[in-house]
Amino acid sequence: MDYKTSKRYGPYLPEEYYRQLIIYAFLYTLEMGEMPKFVGVNYLRFDDTFFVKVGQSELDEARDLIKMVHDCIKEREEYEDRYEQKPQNLCKWCSFHKSQGGPCDAVIPKWEPTFKKRKKENYSDIDSSLKKDLDVESQSQFPDFD
Ligand code: SF4
């Protein structure tokens, strides 16, 4: 079971999660010597679980996927110039980065919070004569609803 934070919760299992699950099933089978019957993703916030039934075809699919990625990486390895730098916050922990003694000189982008402070509301759509009578910032003018 893979526990997720629920950011990608929706009506169906995202393709990447499916791939992740069948790879887990493949690795579990290699390690434990027996095939799991199911693998699943649990979305913690909603306590909802999506299951994937595991059979030989899922294990074969996972093996082919791993092999395909492996072959692509091997092919690229021969041509170092085909690797593009992807500067990101994770570079700090990458063993290729020069700060870790590696050859990559990627400039790590400055961290910015995703939450941006909202501009103060100026209620430009409310007529200025009304603003004098109405305390638009106050919540007490609105009725309570149960
Ligand atoms: S340090 Fe270089 S190789 Fe490593 S993740 Fe960043 S860009 Fe990629």
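Residues numbered from 1 in each chain as written. Predicted model: local features only at pLDDT ≥ 70, side-chain atom pairs only at ≥ 80, totals over all residues.

Visitor: Teacher, can you tell me more about the overall build of the chain here?
Guide: Helix and strand counts for the chain stand at three helices and three strands. Ordered by position from the N terminus, the helices and strands of the chain form the series β-α-β-β-α-α. Residue burial in the chain is summarised as follows: out of 146 residues, 8% are buried. Pairs at least 24 apart in sequence give 40% of the contacts found in the chain among residues at least 6 apart. (Helix = DSSP H or I, 4+ residues; strand = E, 2+ residues; numbered from the N terminus. Buried ≥ 20, exposed ≤ 12 C-beta atoms within 10 Å, placed from the backbone. Contact = placed C-beta atoms within 7 Å.)

Visitor: Looking at this structure, I do not really get the pairing of strand 3 (residues 48-53). What am I missing?
Guide: Side-chain direction in a regular strand flips from residue to residue, so the side chains alternate between the two faces of the sheet. With six bridges connecting them, strand 2 (residues 38-43) and strand 3 associate as antiparallel partners. Considered in strand 3, the bridge of G40 is made with F51. Remark: four residues form the turn of the hairpin made by strand 2 and strand 3, two consecutive strands paired antiparallel; D47 in that turn has positive phi of roughly 45 degrees. (Pairing = 2+ DSSP bridges.)

Visitor: Whenever I open this one, the packing of helix 1 (residues 15-32) against helix 2 (residues 56-77) confuses me. Can you help?
Guide: Each pair of packed helices can be described by the angle between their axes along with the distance between the axes. For the pair helix 1 and helix 2, interaxial distance at closest approach is 8 Å and the crossing angle is 100 degrees. Of the possible angle classes, the one that applies to helix 1 and helix 2 is roughly perpendicular. The segment helix 1 lies against helix 2, with R19, I22, I23, A25, F26 and T29 engaging E58, L59, E61, A62, R63, L65 and I66. (Axes fitted to C-alpha atoms, helices over the stretch in contact; angles between N-to-C directions. Parallel < 35°, antiparallel > 145°, perpendicular 65-115°, else oblique.)

Visitor: Please clarify how the sheet that holds strand 1 (residues 2-4) should be interpreted in this entry.
Guide: The strands that make up a sheet are held in pairs by hydrogen bonds between backbone atoms, and each pair lies either parallel or antiparallel. Spatially, the three strands line up as an open sheet ordered 1-2-3, and their pairing is mixed. Lying at the two open borders of the sheet, with one neighbouring strand each, are strand 1 and strand 3. Averaged over neighbouring strand pairs, the angle between their axes works out to 20 degrees when direction is ignored. Lying over the sheet, helix 1 contacts strand 1, strand 2 and strand 3, oriented at roughly 135 degrees with respect to strand 2.

Visitor: Before we go on, may I ask you to explain the confidence of the model for the chain in this structure?
Guide: Any residue range with low pLDDT should be treated as having predicted coordinates unsuitable for detailed reading. Taken residue by residue, the chain gives an average pLDDT of 86. The fraction at 70 or more is 88%. Per-element averaging of pLDDT across the chain places helix 3 (residues 128-133) at the bottom with 69 and helix 1 at the top with 96. (pLDDT = per-residue confidence, 0-100.)

Visitor: How should the pairing of strand 2 be read in this particular structure?
Guide: Where strand 1 and strand 2 come together, three bridges link them in parallel fashion. Across the sheet, residue K4 finds its bridge partner in strand 2, namely Y43. For the crossover from strand 1 across helix 1 to strand 2, the handedness is right-handed. (Right-handed = clockwise from strand over helix to strand, strands pointing away.)

Visitor: What's the story with the site of the ligand in this structure? I'm lost.
Guide: Within the structure, the ligand sits among Q85, K86, P87, L90, C91, C94, F96, H97, C104 and A106. Considering only residue class, the shell around the ligand consists of seven nonpolar, two polar and one charged. (Near = placed C-beta within 6 Å. Nonpolar A, V, L, I, M, F, W, Y, C, P; charged D, E, K, R; others polar.)

Visitor: How should I be thinking about the nonpolar core in this particular structure?
Guide: A general trend in soluble globular proteins is that nonpolar side chains are found buried together. Counting residues in each nonpolar core, the largest one holds nine residues, listed as L21, I22, A25, F26, V39, V41, F50, V54 and A62. Within the residue set of this core, elements represented by two or more residues are helix 1 and strand 2. The residues contacting L21, other than those within four sequence positions of it, are D2, V39, V41 and V52. (Core = buried A, V, L, I, M, F, W, Y, C linked by C-beta atoms within 7 Å.)

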